[in-house]
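Secondary and tertiary structure notes
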Amino acid sequence: MSDIDYLLLEAQQNIHELIAEQKPLEQILEAIADWASHMMPGSLVSIMRFNPQTDTLSLMPGRRFSDRFVESMQNFPIGDGQGTCGTAAFTRQWVITENIQKDSRWDGLHDLAEAESLRACWSMPILTSKGELLGTFATYYRAPANPTAEAQRSLARSTALVALAILRNRDAENLLSLAEWYQALLTNHPDGVYTFDLEGHFQSCNRALEDITGFSADQMLGRHFDFLIEPDDRAQTQAAFNRARSGEAIAHEMMGTHATGRLYYLQTVAFPVMIRGEVVGVYGICRDITRQKDQEAQIIYQRNHDLLTGLLNQAAFQEVLCHSLTADGGAGTLATMHLNLDGFRAINEGPGHPTGDEVLKVVASRLKNLAGPDVTLARLGSDEFRLLVPGFTDRDEVIQLAERLLAGLAEPIEVDDHKVQISASIGIACNGTQLNAPYQLQQFADLALDRAKRQGRNTWQWYSGPKVERSRHSVALRQDLHTALEEDQFEIHYQPLVDAVTGRMRSVEALVRWHHPSRGMVSPGEFIPLAEQTGQIVPLGLWILRQACTDIVDFNAQRERGLRVAVNISSLQFIRDSFLDDVRQVLKETGLPPQLLEFEVTESVLLDGAEAVIELMQTLKTMGIRVALDDFGTGFSSLSYLRDLPTHKVKLDRSFVQEVATDHRMAAIVQGVITMAHHMDMMVVAEGIETRAQQEDLAHRHCDILQGYLFARPMPLAELKKLPELLPVDHPE
Ligand code: C2E
Ligand code: MG
Ligand code: MG
């Protein structure tokens with residue numbers, strides 16, 4: 001091998017290396033051009049690339065030709081007769097132009113060739129093995145010439161090398177773009193995309209995964225996936241990973257811990273990465289499905305809950321009940337309570353629905369707190385609540401709960417400006433008796449609830465067959481109440497109400513007293529609520545009314561001007577259908593002029609619907625009987641409510657009077673009530689005046705009438721008869 005040959009071989013080797021190293025194509029082609037020039041001394045190498053879109057050739061720029069020539073040889077159309085290269089490209093054959101000036105294929109280009117001093121041109125198409133045209137490889141000479149066999153071989157070799165370089169370059173480009181394409185796909189994929197090695201360490205991850213996890217790629221790469229997973233879900237996630245690693249495609253959900261510490265739901269699909277039949281890693285796509293989960297949970301929640309209070313709804317309660325009954329298996333340790341609020345309608349009609357809604361919410365939360373976590377609590381709508389008490393061993397537990405609920409609900413509820421006083425009735429049934437169906441238990445509870453309501457509300461009743469048990473601790477007193485009426489143990493005391501200015505007795509209030517044979521005096525504060533609860537207030541109230549009227553007729557017989565008597569009437573008594581008839585009957589029997597009769601009712605009469613009560617008060621008014629509002633300020637009525645009531649008098653509760661001298665806010669309220677009542681042509685009575693200071697204070701505030709121990713205690717009729725007409729009153733100047 002000659003030195004030249006050796007050098008050429010080395011140059012060829014060098015070109016192969018350039019190709020292998022994927023050096024820029026221009027650099028490689030330049031090297032090939034140099035190499036060919038060496039093999040074919042005196043030649044000017046031209047490499048033209050083919051553009052299949054335009055069917056043209058373009059000369060690669062190089063130092064061998066002038067700019068003008070290079071420019072003219074851009075987008076040069078191929079075709080039979082289009083110069084040497086155009087023809088070679090078109091015919092896919094190699095073309096020899098011995099003398100350019102004489103070759104008609106160069107027509108129109110002769111001047112260009114002359115200017116470039118090009119006289120001969122031999123051109124070979126650059127073809128792939130499949131015959132795809134890549135361009136032409138040509139050598140020009142400054143003098144007309146024909147190629148030797150050796151030159152032809154050199155040309156062919158160079159052309160093959162160029163084809164190789166172009167193809168390799170194209171492959172590399174394709175390879176690169178595919179990788180780039182995948183990279184872009186991975187990076188911009190809206191879901192989290194990642195790969196793990198066989199041990200579960202992150203090998204790659206995309207931007208979405210960074211967003212989902214809150215960790216940067218740097219923080220994740222190389223680490224085991226465990227640190228992203230909630231500890232409770234790690235074992236399951238590892239199991240899913242193992243299955244993917246063993247060749248399965250796995251869909252899996254887990255809880256993730258975000259970099260900020262918050263938990264989120266992650267849904268992932270993991271696949272094995274297989275290369276040549278072998279698993280080399282695990283590839284996965286995941287997304288944060290927390291919102292979706294939340295929505296699902298919300299839908300389930302809405303299906304099962306009462307949206308106002310957050311308690312279970314009827315359907316859910318029913319389901320729990322059926323399950324519990326099955327679980328109990330007839331052991332009889334399950335109790336249901338049906339709870340209705342007393343007079344809830346009046347709150348909706350009075351203060352309005354928004355207030356009603358607030359009350360229901362407060363009631364729900366109180367019931368929840370009082371009942372504890374084991375009790376299932378539901379609201380069926382309106383003011384109907386249900387409780388399911390599981391696993392009780394002693395009936396007393398349930399009874400105590402019922403009483404706790406009643407006591408808890410009795411606490412006033414403050415809503416906006418309203419102070420709402422509410423009570424409830426509860427019907428209880430347990431599965432101790434044989435049940436034919438779950439609904440029977442609820443029927444029994446409903447029956448018990450009815451009885452509780454009929455008993456005067458604010459109480460509970462336990463259904464046990466047709467016989468209904470009563471609250472045990474009041475059983476004795478209740479029995480006593482019954483005999484007390486028959487045995488005349490009641491007496492009425494009278495307490496004067498005096499004119500705040502003149503001190504003249506204006507009327508008396510009838511206050512019942514019970515001389516209990518063994519207990520002595522029982523306070524009406526104790527037995528009136530009990531009588532209300534048991535319904536005995538109705539006969540007792542009638543007796544009081546009759547007795548008071550009789551007494552006052554007797555009292556007035558000795559006086560010139562008749563004194564008026566005020567009789568306290570319980571709500572239950574007041575709203576009974578027979579009340580008006582009873583009143584007419586008593587007036588007729590006793591002969592008391594209706595103008596001398598007054599009723600004191602508390603705001604609680606309004607609880608069962610204001611309309612009927614207003615109508616009744618109107619009727620009483622036309623009959624000449626007045627109705628005063630007792631204990632004003634302790635109930636739920638707002639001041640504005642008063643406007644609609646046909647009442648002529650409000651009695652400020654004793655609690656106001658007690659505080660008026662010491663609490664300036666209370667004084668302001670009292671002043672407000674007095675002023676407002678006067679604007680509505682109502683009189684104001686202050687109850688419970690015990691001190692001179694209270695008397696003076698209220699007189700100053702233009703309170704009309706005063707009542708209290710300061711003037712006189714409640715006393716039997718006989719004592720009242722002895723009382724002077726004028727009671728000691730300081731005249732405020
Ligand atoms: P009430 O209608 O607000 O009656 C006023 C209560 O305050 C009476 O208590 C009376 O004795 C008491 N009192 C009057 N002046 C003073 C005072 O200066 N200081 C204090 N500490 N107390 C004073 P009583 O008689 O114990 O009655 C309590 C409640 O029982 C009555 O409140 C009323 O709601 C009810 N009640 C009493 N008698 C009857 C009745 O015949 N029928 C009905 N349905 N309820 C009655
Ligand atoms: Mg009263
Ligand atoms: Mg009162």
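The shown structure was predicted, so the numbers you read here are calculated from the model rather than taken from an experiment.

**A look at the overall build of the protein**
Looking only at helices and strands, the protein features 26 helices and 29 strands. Here the protein has a C-alpha radius of gyration of 53 Å; the compact-globule value for 733 residues is 27 Å, and the former is much larger. For the protein, the spread of C-alpha atoms along the principal axes amounts to about 165 × 65 × 40 Å. When each of the 733 residues of the protein is scored for burial, the buried share is 50%.

**Looking at the site of ligand 1**
Gln495, Arg513, Asp630, Glu690 and Tyr709 are the nearest of the 21 residues found near ligand 1. Within the contact set of ligand 1, an oxygen atom lies 2.8 Å away from a backbone nitrogen or oxygen of tyrosine 709. Considered on its own, ligand 1 offers 790 Å² of accessible surface; in the complex 85% of this is hidden by protein. Counting only elements with at least two residues in the shell around ligand 1, the list comes to β21 (505-516), α17 (524-534) and β25 (626-632). Ranked by the residues each element gives to the shell around ligand 1, the list is headed by β21, at four residues. Its residues assigned to classes, the shell around ligand 1 shows eight nonpolar, five polar and eight charged.

**Observations concerning the coordination of the magnesium ion (ligand 2)**
Coordination of the magnesium ion (ligand 2) by the protein comes from Glu509 (OE), Asn568 (OD1), Glu600 (OE) and Asp630 (OD), over a distance range of 2.0 to 2.2 Å. We note that the donor set of the magnesium ion (ligand 2) lies within a single chain, spaced as E-x58-N-x31-E-x29-D. A separation of 4.2 Å is found between the magnesium ion (ligand 2) and the magnesium ion (ligand 3), which are bridged by aspartate 630. Residue glutamate 509 is located in strand β21, and its partner glutamate 600 is located in strand β24 (residues 597-602); the two are separated by 91 residues in the primary sequence.

**Comments concerning the pattern of salt bridges**
The final tally for this structure, using the stated rule, is 26 salt bridges. The salt bridge partner of aspartate 34 is arginine 64, with a shortest N-O separation of 2.8 Å. One end of the pair, aspartate 34, is in helix α2 (residues 25-39); the other, arginine 64, is in the loop between β2 (56-59) and α3 (67-72), and 30 residues separate them in sequence. Note on arginine 64: relative accessible area 16%, which makes it buried. A salt bridge links arginine 506 to aspartate 499; the shortest N-O distance between them is 2.6 Å. Judged by its relative accessible area of 35%, arginine 506 is partly exposed. It is possible to trace a salt-bridge network through shared partners that takes in Glu30, Asp34, Arg63 and Arg64.

**Structural notes on unusual backbone geometry**
Of note in this structure, asparagine 75 is not a glycine but carries a positive phi near 50°. For asparagine 75, the location among the structural elements is in the loop between α3 and β3 (76-77). Non-glycine residue serine 117 carries a positive phi angle of around 60°. If you trace the backbone, serine 117 turns up in the loop between α5 (110-115) and β5 (120-127).

**Some thoughts on the coordination of the magnesium ion (ligand 3)**
In the first shell of the magnesium ion (ligand 3), the protein supplies Asp630 (OD), Asp631 (OD), Glu687 (OE) and Glu687 (OE), at 1.9 to 2.5 Å from the metal. Each donor residue of the magnesium ion (ligand 3) lies on the same chain, and together they follow the pattern D-D-x55-E.

**Some details on empty space enclosed by the protein**
Summed over the entire model, instances satisfying the criterion amount to five cavities of 30 Å³ or more. Considering only enclosed or pocket space, the largest cavity measures out at about 220 Å³ in volume. As for the largest cavity, its lining consists of 19 residues, of which Tyr194, Phe196, Thr237, Met254 and Thr268 are closest to the centre. Counting only elements with at least two residues in the lining of the largest cavity, the list comes to β7 (192-196), α7 (207-213), α9 (234-245), β9 (250-257), β10 (263-275) and β11 (278-288). Here the residues of the lining of the largest cavity are counted per class, giving 15 nonpolar, four polar and no charged. Approximately 110 Å³ is the volume found for the second largest cavity. Forming the boundary of the second largest cavity are Leu29, Glu30, Ala33, Val45, Ser46, Ile47, Leu59, Met60, Pro61, Gly62, Arg64 and Phe65. When residues of the lining of the second largest cavity are traced back to their parent elements, those giving at least two are α2 and β1 (44-51). Tallied by class, the residues present in the lining of the second largest cavity amount to eight nonpolar, two polar and two charged.

**Overview of the domain arrangement of the protein**
For the protein, the assigned domains are domain 1 (3-179), domain 2 (191-293), domain 3 (314-469) and domain 4 (495-512 + 532-722). Using C-alpha coordinates to define each centre, domain 2 is positioned 50 Å away from domain 3.

**Observations concerning the packing of aromatic side chains**
Scanning the model with the defined rule gives 21 aromatic pairs in all. Measuring from ring centre to ring centre gives 4.7 Å for tyrosine 194 and phenylalanine 196, while their planes differ by 35°; the resulting arrangement is tilted. Every member of this aromatic cluster is reached through a ring pair, and the members are Tyr194, Phe196, Phe202, Phe225 and Phe241. If you follow arginine 223 out to its NZ or CZ, it ends over the ring of phenylalanine 227, 3.7 Å from the centre. The ring of tyrosine 709 has arginine 713 sitting right over it, with the charged end atom 3.8 Å from the ring centre.

**Quick notes on the pairing of strand β17 (residues 423-430)**
The buried fraction of β17 amounts to eight of the eight residues, a majority that puts the element mostly inside the structure. Bridge analysis of strand β12 (residues 335-342) against β17 gives eight bridges, and the strand direction is antiparallel. Looking across to β17, one finds that asparagine 340 is bridged to serine 425.

**Considering the side chain of aspartate 383**
Mapping aspartate 383 onto the fold places it in the loop between β13 (376-381) and β14 (384-389). The side chain of aspartate 383 is buried and forms no salt bridge, while lysine 453, the nearest opposite charge, is found at 6.6 Å. Within polar-contact distance, the side chain of aspartate 383 engages the side chain of serine 382 at 3.1 Å. Those residues within four positions of aspartate 383 in sequence are excluded, and the remaining contacts are Leu339, Asn340, Leu341, Phe344 and Leu360.

Thresholds, definitions, all that
Residues numbered from 1 in each chain as written. Chains lettered and ligands numbered in written order. Predicted model: local features only at pLDDT ≥ 70, side-chain atom pairs only at ≥ 80, totals over all residues. Heavy atoms only, no water. Helix = DSSP H or I, 4+ residues; strand = E, 2+ residues; numbered from the N terminus. Rg over C-alpha atoms; globule rule 2.2 N^0.38 Å. Buried < 20%, exposed > 50% of the residue type's maximum accessible area, 1.4 Å probe, protein only. Near = heavy atom within 4 Å. Polar contact = N/O pair within 3.5 Å; in protein donor to acceptor, adjacent residues only side chain to side chain. Areas by Shrake-Rupley, 256 points an atom, 1.4 Å probe, with all protein chains shown as cover. Nonpolar A, V, L, I, M, F, W, Y, C, P; charged D, E, K, R; others polar. Donors = N, O, S within 2.8 Å, 3.2 Å for Na, K, Ca; no water. Salt bridge = Lys/Arg side-chain N within 4 Å of Asp/Glu carboxyl O. 1 Å grid on protein atoms, 1.4 Å probe; cavity = no way out; pocket = protein on both sides within 12 Å on 5 of 7 lines; lining within 4 Å. Points joined across faces, edges and corners; volume = space filled by probe spheres on them. Domains from an automatic or database assignment. Phe/Tyr/Trp six-rings, centres within 6.5 Å; stacked < 30°, edge-to-face > 60°. Lys NZ or Arg CZ within 6 Å of the ring centre and 35° of its normal. Pairing = 2+ DSSP bridges. Lys, Arg positive; Asp, Glu negative; His and termini not counted. Contact = heavy atoms within 4.5 Å.

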